[in-house]
Amino acid sequence: MGAEIHDADRPASGTRSEPLSRGELRLPFGDHRLAPIAGYDVAEPCVKILTDPAPHISEPYDLNSPELKDMHGFAEDYAAVLGRPVTYVPEDVETWNEPYADTALATLPHTAEHLKT
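Residues numbered from 1 in each chain as written. Predicted model: local features only at pLDDT ≥ 70, side-chain atom pairs only at ≥ 80, totals over all residues. Heavy atoms only, no water.

Summed over all chains, the structure comprises six salt bridges. E91 is the partner of R26 in a salt bridge, and the nearest nitrogen-oxygen pair spans 3.0 Å. Taken as a pair, R26 in strand 1 (residues 24-27) and E91 in the loop between strand 4 (87-90) and helix 4 (93-104) lie far apart in primary sequence, 65 residues in all. R26 sits in the partly exposed class, given a relative accessible area of 25%. Its relative accessible area of 13% is what places E91 among the buried residues. A salt bridge links K48 to E44; the nearest nitrogen and oxygen atoms lie 3.4 Å apart. Separated by four residues within a single helix, K48 and E44 lie in helix 2 (residues 39-51), roughly one turn from each other. (Salt bridge = Lys/Arg side-chain N within 4 Å of Asp/Glu carboxyl O. Helix = DSSP H or I, 4+ residues; strand = E, 2+ residues; numbered from the N terminus. Buried < 20%, exposed > 50% of the residue type's maximum accessible area, 1.4 Å probe, protein only.)

Put into structure tokens, the structure is as follows:
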């Protein structure tokens, strides 16, 4: 799979991106598997629904990535794009929250709370 990292997918300025520069993807996800979707992939169906809502009433939409993987898989994607090794390092939630959600995102409390849940 030719993974691409878009600006919207990169850590925001002022966040804990230093570990990634050292080849570490430090997140509190353990061995959970995710199928996240990029924000720009949500935009197309949203525009269709907002511009012509009638055909979409009561219709379900699966807004997930087609690929379910754990953080080790995401580290492999980063490594492929960056051209250097990247390893997933699981952190417990409290260790991750303090420097990242609580400190780096202090000016964005809604975003910080969202990331903590």
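Don't stop here, the text continues.
Taking 1.5 Å as the rise per residue, helix 3 (residues 71-82) with twelve residues should run 16 Å; its terminal C-alpha atoms sit 16 Å apart, in good agreement. Those residues of helix 3 that are buried lie in contact with helix 1 (18-21), strand 1, strand 2 (33-34), strand 3 (69-70) and strand 4. Where helix 3 begins, the side chain of D70 points an oxygen toward the backbone nitrogen of H72, at a separation of 3.1 Å. A positive backbone phi angle near 75° is found at G83, which sits one or two residues after helix 3. (Expected span 1.5 Å × (residues − 1). Contact = heavy atoms within 4.5 Å. Polar contact = N/O pair within 3.5 Å; in protein donor to acceptor, adjacent residues only side chain to side chain.)

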